[in-house]
Amino acid sequence: MPIDLSRPLAWKQAGAEQRAMLQDLQANILKGHGRKHTAHLFLHFSEAEPARRWLHQLAAQLTSAQQQLRNSETFKRTQRPGGLVTLLFLTHAGYQALGVAPAATPSDAAFADGMAQRRKHLNDPAPKTWDSHLQGPLHAMVLLADLTAPAVRQARKALLATLPAPVQLVGEETGLGMASLLSPSEGIEHFGYVDGRSQPLMLEEDIARERDERDGTSVWDPAFGLDTALVKDPGGRTPHSFGSYFVFRKLEQNVRGFKQAESRLAKALGLTGEDAARAGAMMVGRFPDGTPVVLQKAAGANSPVPNNFDYLDDAGGAKCPFHSHIRKTNPRGETGALGATIEHERAHLMPRRGITYGQRSRHPNAPSQRSADLPTQGVGLLFMAYQANIANQFEFTQAAWANNPVFAKSAPRTGIDPLIGQGPAGGQRCPLHWGGTAASPRKAVDFRGFVTMKGGEYFFAPSISALKTI
């Protein structure tokens, strides 16, 4: 059966060509690996030949998409964990350091530039302010993921023991995923909100589950073609060798500042009691339990957490403001006001595979938190996303949506994304009451600066055959 990249893949009915693709494709691209503990090891190559030999050995240990999907099915039947996931990513500088010919190097322009060179377009802080190990040059990242921290530490120790002298560890990050106490099947970020609920689904089996076991697909279609993330790997050794561009960004969260700003906003809007939670929901687009504020003005619609909705019944942004994070980063047809078709808008979306980092004295959803329980630094999100075109997906989302104070409606100005938007002013306008029209009264606010970009890079996830012969 030929591989049709414009459609999702039914992997359980895959033909020979599709199975060959899955065997050569790294895991985590088509479906998240699901582990709560990760290590991210950043590497530098000082000599090409020893580095290539080491990559040849590592390639045999990488987790393929086929292996991941089979392990997932085994877990569903037997509850037997799938074990360690090992992945490898290369930067453009890494390809050059390895002496790979241009014809065998991924050609995306943003990938070639690197994240630091694109910072002005993204409004990113100067690289000299980034964490030192992320200032570069970086050549590769190894991602290790497992169900427990000891298992990841053991895998890390074993991997570092294999590094030849010309392959240096220049830094690392540790991921620690968190589950919501309010919606236990969902992950959360450090501000305490359900995160990652809406994803492009590229496997027919996942789409069927969304339709049949969650809240449906009749309003918002989560089905996306494989070409959302996959591109031909120019260094692959088979006709079915694919890879994906991979964005990594370390985003530090000032939890105390965010929560204090939530309280100030609630007071400014006259929201008291249970209604006070709507202040934060108007920034995020969901209540902490995942209930979309466009659907109702209080939490509670979280079993399951909805994804089958759009904003057609809130054209004026009086329920879910235009600036809210989930409306900015997945407009669900919103940008038609600026002339974009829904197909063009969907082409900017990308499968995200981020994980939180940092330790907390108390869980983000724990009640009655003291100021000391709310960190101002040292916690955040390791943002990770796969895509076929960095400029059209990640960079467009960050620059044209999150950072854009106009966004979908030419007037009035909507303000930047209060979470990940980067700009000189927030410029948001919050409705004083839930529901109404574009003319409903609003209050201007400046809600921003609680997420700081601490560094990152553009990578490529090569096919396994490319790494075996690089």
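So, here is what we can say about the structure in this document. The structure displayed is predicted, hence computed values, not measured ones. (Residues numbered from 1 in each chain as written. Predicted model: local features only at pLDDT ≥ 70, side-chain atom pairs only at ≥ 80, totals over all residues. Heavy atoms only, no water.)

**Quick word on the overall build of the protein**
Under the convention used in this document: Each helix is a run of H or I in the DSSP string that is no shorter than four residues. Each strand is a run of E no shorter than two, and both are numbered from the N terminus. As defined in this context, the radius of gyration uses C-alpha atoms, and a globule is described by 2.2 Å times the residue total to the power 0.38. The buried label applies to any residue whose accessible area, calculated with a 1.4 Å probe on protein chains only, is under 20% of its type's maximum; exposed applies above 50%, and partly exposed to all values in between. When checking whether two residues touch, look at their non-hydrogen atoms; a contact exists if any pair is within 4.5 Å.
Across its full length, the protein carries 14 helices and eleven strands. Since a compact globule built from 470 residues should have a radius of gyration of about 23 Å, the 22 Å found for the protein is in line with a globular shape. Buried residues in the protein amount to 56% of all 470 residues. A sequence separation of at least 24 residues applies to 74% of the contacts in the protein between residues at least 6 apart.

**Examining the environment of Trp401**
Counting through the fold element by element, Trp401 comes out in helix α13 (residues 391–402). Separated by 141 residues in sequence, Trp401 and Gln260 have C-alpha atoms that sit 26 Å apart.

**Thoughts on the nonpolar core**
This is how the line gets drawn: Here, the term nonpolar core denotes a set of buried Ala, Val, Leu, Ile, Met, Phe, Trp, Tyr and Cys residues that are joined through side-chain atoms within 4.5 Å.
If you look at the biggest cluster of nonpolar residues, it comprises 66 residues, and the most contacted ones within it are Phe45, Trp54, Leu88, Leu90, Val142 and Tyr458. Leave out the neighbours within four places in its chain, and Leu90 touches Phe45, Tyr95, Leu98, Phe111, His139, Ala140, Phe459, Phe460, Pro462, Leu467 and Ile470. Met21, Phe42, Tyr357 and Phe407 belong to the second largest nonpolar core, which has 39 residues in total.

**Quick notes on unusual backbone geometry**
It is generally the case that most residues other than glycine have a negative phi and that most peptide bonds are trans. For the bond running from Gly136 to Pro137, omega is 5°, close enough to zero to count as cis. As for its position among the elements, Pro137 is in the loop between α6 (119–122) and β3 (140–146). The amide bond that connects Ser303 to the next residue, Pro304, takes the cis arrangement and shows omega of 0°. Note on placement: Pro304 falls in the loop between α10 (277–284) and α11 (325–329). Even without glycine at this site, Gln79 takes up a positive phi of about 65°. Locating Gln79 in the fold gives a position in the loop between α3 (65–78) and β2 (85–90). Judged by relative accessible area, which is 51%, Gln79 ranks as exposed. The backbone of Ser368 shows a phi angle near 50°, a positive value even though the residue is not glycine. Within the fold, Ser368 resides in the loop between β7 (355–357) and β8 (380–387).

**Some points on the side chain of Arg286**
Condition: In the analysis that follows, any N or O atom pair within 3.5 Å is treated as a polar contact, provided that within protein one partner can donate a hydrogen and the other can accept it, and provided that, for residues neighboring in sequence, both atoms belong to side chains.
In this structure, Arg286 sits in the loop between α10 and α11. At 2.7 Å, the side chain of Arg286 forms a polar contact with the backbone oxygen of Gly290. Separated by 2.9 Å, the side chain of Arg286 and the backbone oxygen of Pro306 make a polar contact.

**Considerations on the pattern of salt bridges**
Definition in use: When a carboxyl oxygen of Asp or Glu lies within 4 Å of a side-chain nitrogen of Lys or Arg, that pair is called a salt bridge.
This structure, assessed with the given rule, holds 22 salt bridges. The partner of Glu49 in a salt bridge is Arg52, and the shortest N-O contact between them spans 2.4 Å. Here Glu49 and its partner Arg52 are both found in helix α2 (residues 48–59), three residues apart, which amounts to about one turn of the helix. Residue classification places Glu49 among the partly exposed residues on the basis of a relative accessible area of 37%. Taking the shortest distance from any N to any O, the salt bridge between Asp131 and Lys250 comes out at 2.7 Å.

**Looking at the pairing of β3**
What counts here: We call two strands paired when DSSP finds no fewer than two bridges between them.
Most of β3 is tucked away: seven of the seven residues are buried. The alternating pattern of β3 places Ala140, Val142, Leu144 and Asp146 and Met141, Leu143 and Ala145 on opposite faces, both of which are buried. Inspection of the sheet shows β2 paired to β3 by six bridges, in the antiparallel sense. Paired with Leu88 across the bridge in β3 is Val142.

**Quick word on helix α7 (residues 149–161)**
For clarity, the cut-off: Each residue after the first adds 1.5 Å to the expected span of a helix. The directions considered for the arc are those from the helix axis to the C-beta atoms.
With 13 residues, α7 ought to run about 18 Å at 1.5 Å a step, and its terminal C-alpha atoms sit 18 Å apart, in line with that. Within the sequence span of α7, burial applies to Val152, Ala155 and Leu159. The arc that holds the buried residues of α7, viewed along the axis, is 65°, so those residues lie on one side. Along α7, exposed side chains directed more than 90 degrees from the buried face belong to Arg153, Gln154, Lys157 and Ala161. Where the residues of α7 are buried, they touch β1 (37–45), α2 and β3. Among the residues of α7, the N-terminal cap falls to Thr148, whose side-chain oxygen and the backbone nitrogen of Ala151 are separated by 3.2 Å.

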